[in-house]
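# Remarks on the overall topology
So the chains spell out like this:
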Amino acid sequence: MEFPVRPLRAQTVPDLPGGPGWWYEPEFDGQRTLLFRDAGTVRLHTGSGRTVTALWPDLVHAATRLPPGTVVDGVAVIWRDGCLDPAAVHARAGASPVRARELARALPASYAVFDLLAHPVHGDVRALGYAERRGLLLDVLGEPVPPVQPVPATDDHETALIWYEALRDQGIEGVLAKPEDSPYRPGTADWRCLRHSESAELPVVGYTGAASLPKALAVELPDGRRVLTEPLGAGPAAQAAPLLTAAGAGERHLTGDGQAYAGTAPGLVALARTGTALHAAVRVVAVWRVPGSGEPGSGGAA
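Let us look at the structure shown here. Owing to the predicted nature of the structure, the values given are computational and were not obtained by experimental measurement. (Residues numbered from 1 in each chain as written. Predicted model: local features only at pLDDT ≥ 70, side-chain atom pairs only at ≥ 80, totals over all residues. Heavy atoms only, no water.)

### Points about the pattern of salt bridges
Side-chain pairing between opposite charges can occur once the charged atoms of the two side chains come close. Inspection of the entire model under this criterion finds 15 salt bridges. A salt bridge links glutamate 230 to arginine 195; the nearest nitrogen and oxygen atoms lie 3.6 Å apart. Of this pair, glutamate 230 sits in the loop between strand 15 (226–228) and helix 6 (234–247) while arginine 195 sits in strand 12 (residues 191–195), placing them 35 residues apart in sequence. Accessibility expressed as a relative area gives 11% for arginine 195, which makes it buried. Overlapping salt bridges bring together Glu27, Glu173, Arg195 and Glu230 as one network. (Salt bridge = Lys/Arg side-chain N within 4 Å of Asp/Glu carboxyl O. Helix = DSSP H or I, 4+ residues; strand = E, 2+ residues; numbered from the N terminus. Buried < 20%, exposed > 50% of the residue type's maximum accessible area, 1.4 Å probe, protein only.)

The structure is reproduced here in C-alpha cells:
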C-alpha cells in the first residue's frame, strides 16, 4: 500500500442520520494518525501526509504487537484525569523528537483505532464495506490492550445520541455516522459527523485554490492555531473571492499540521461554526472585511 495514504473524511451535518444501515462511533479529540505496521517497523503519518513517527514513540512501541502487514486509521490522543487533553496533543505534535520523548514519559499517548485499511492476511481491504472492515479490525487487534484500542461502535441510533450528550465533558467532540456497506475511499467525505460547535468570528490569514475561486480559508483560532476550514460553500466562496483578489496573494505558509495555503493581507474575518477538536473542524458561514481596514470591498457579514 502507498505511503502516505489520503484519509477518508467526514462531512459535518446538523443532524445525525438514522435508519437501517448506519453505524456510529464517538469522535475523539486528538491528531488524526494513520499507522503502518511493516516487518520490523512502525510508521505514522497525519491526515495531511506528514510523517510523525518520531513524535509518538510510545505508540510506535505499543504498535509492535500488531502483526506485520497491518494498516489502520485512528486518532492519537492523550488522557489526563479521565478527560481528553487536546493541549497536550498539540504540544506533542509541535515538539522536536527529543522533546516528544520527554512528553511521552510524562503523559503517555493512546491510539483510538477506528478503521482497517490493510489486513496481514487479506491485504488491502479498503474495498470492503465498513461493517466487514470493522469485524476484521477487531480480529487483528484481538483482546483490547491499552494504549492501542478500537473505538466503541454501535448500530443503535439512540445509543449514539446518548454518547453525543454524555461524553462531551470527557472531550468527545461528536459522533460519526458511517454507512455499513461503504468502502474506504481515500480523499472522499463518505462519513457524516454531528459535532459540538459554536459560532466564532475568526481572522482569515490565507486560502487554498485561486483567489478568484477559493476552495478553503486558512483561519486563526482563538488559541493561536492556524487551520484550514472545511471546503467553502457557494455563498461564502462568492463573498471571499473579490476580497481575496483585491488583497492579493502573499507568501506560502503551512498550518500546524503541515497543510499549505497562500497568505493574504489582514482585515478579513470569517463567521464560522467551529468545533473543539485539535484538527478543528471549521465551517465558514460568511466572510467580510473589517470596516476601516484600508482594503477595497469593506462591509459587514451577509
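Resuming the write-up.
### A short note on unusual backbone geometry
At the junction of phenylalanine 3 and proline 4, the peptide bond is cis and its omega measures out at -5° in the coordinates. Tracing the sequence through the fold places proline 4 in the segment before strand 1 (10–12). Backbone torsion omega between proline 146 and proline 147 reads 10°, so that peptide bond is classified as cis. Positionally, proline 147 belongs in the loop between helix 4 (130–141) and strand 10 (148–150). Unusually for a residue other than glycine, aspartate 81 sits at a positive phi of about 55°. Positionally, aspartate 81 belongs in the loop between strand 6 (79–80) and strand 7 (83–84).

### Looking at a negative patch on the surface
A contiguous patch of negative charge on the surface is contributed by Asp155, Asp156, Glu158, Glu180 and Asp181. Locating glutamate 158 in the fold gives a position in helix 5 (residues 157–166). (Patch = residues over 30% accessible without salt bridge, like charges linked within 9 Å, V, L, I, M, F, W, Y side chains within 5 Å. Areas by Shrake-Rupley, 256 points an atom, 1.4 Å probe, with all protein chains shown as cover. Lys, Arg positive; Asp, Glu negative; His and termini not counted. Charge placed at Lys NZ, Arg CZ, Asp CG, Glu CD.)

### Remarks on the sheet that holds strand 12
Backbone hydrogen bonds are what pair the strands of a sheet, in a parallel or an antiparallel way. The mixed open sheet is built from four strands, whose spatial order is 1-12-11-2. Two strands in the sheet have a free side with no partner beyond their single neighbour: strand 1 and strand 2 (22–27). Sheet twist, expressed as the mean angle between neighbouring strand axes with direction ignored, is 30°. Note that strand 1 and strand 12 share three bridges and pair parallel. In the sheet register, alanine 10 faces strand 12, and the bridge partner there is tryptophan 191. Packed on one face of the sheet, helix 4 meets strand 2 and strand 11 (174–179) and runs near 55° to strand 2. Along the sheet face, helix 5 touches strand 2, strand 11 and strand 12 and points at about 15° away from the line of strand 2. (Pairing = 2+ DSSP bridges. Axes fitted to C-alpha atoms, helices over the stretch in contact; angles between N-to-C directions. Contact = heavy atoms within 4.5 Å.)

### Some thoughts on the nonpolar core
Counting residues in hydrophobic clusters, the biggest one holds 29 residues, and the most contacted among them are Leu35, Leu44, Trp56, Val72, Tyr111, Val113 and Leu116. Those residues within four positions of leucine 35 in sequence are excluded, and the remaining contacts are Val42, Arg43, Leu44, Ala63, Leu66, Thr70, Val71, Val72 and Tyr111. Listed in part, the 21 residues of the second largest apolar core include Leu202, Tyr207, Leu243 and Ala262. (Core = buried A, V, L, I, M, F, W, Y, C linked by side-chain atoms within 4.5 Å.)

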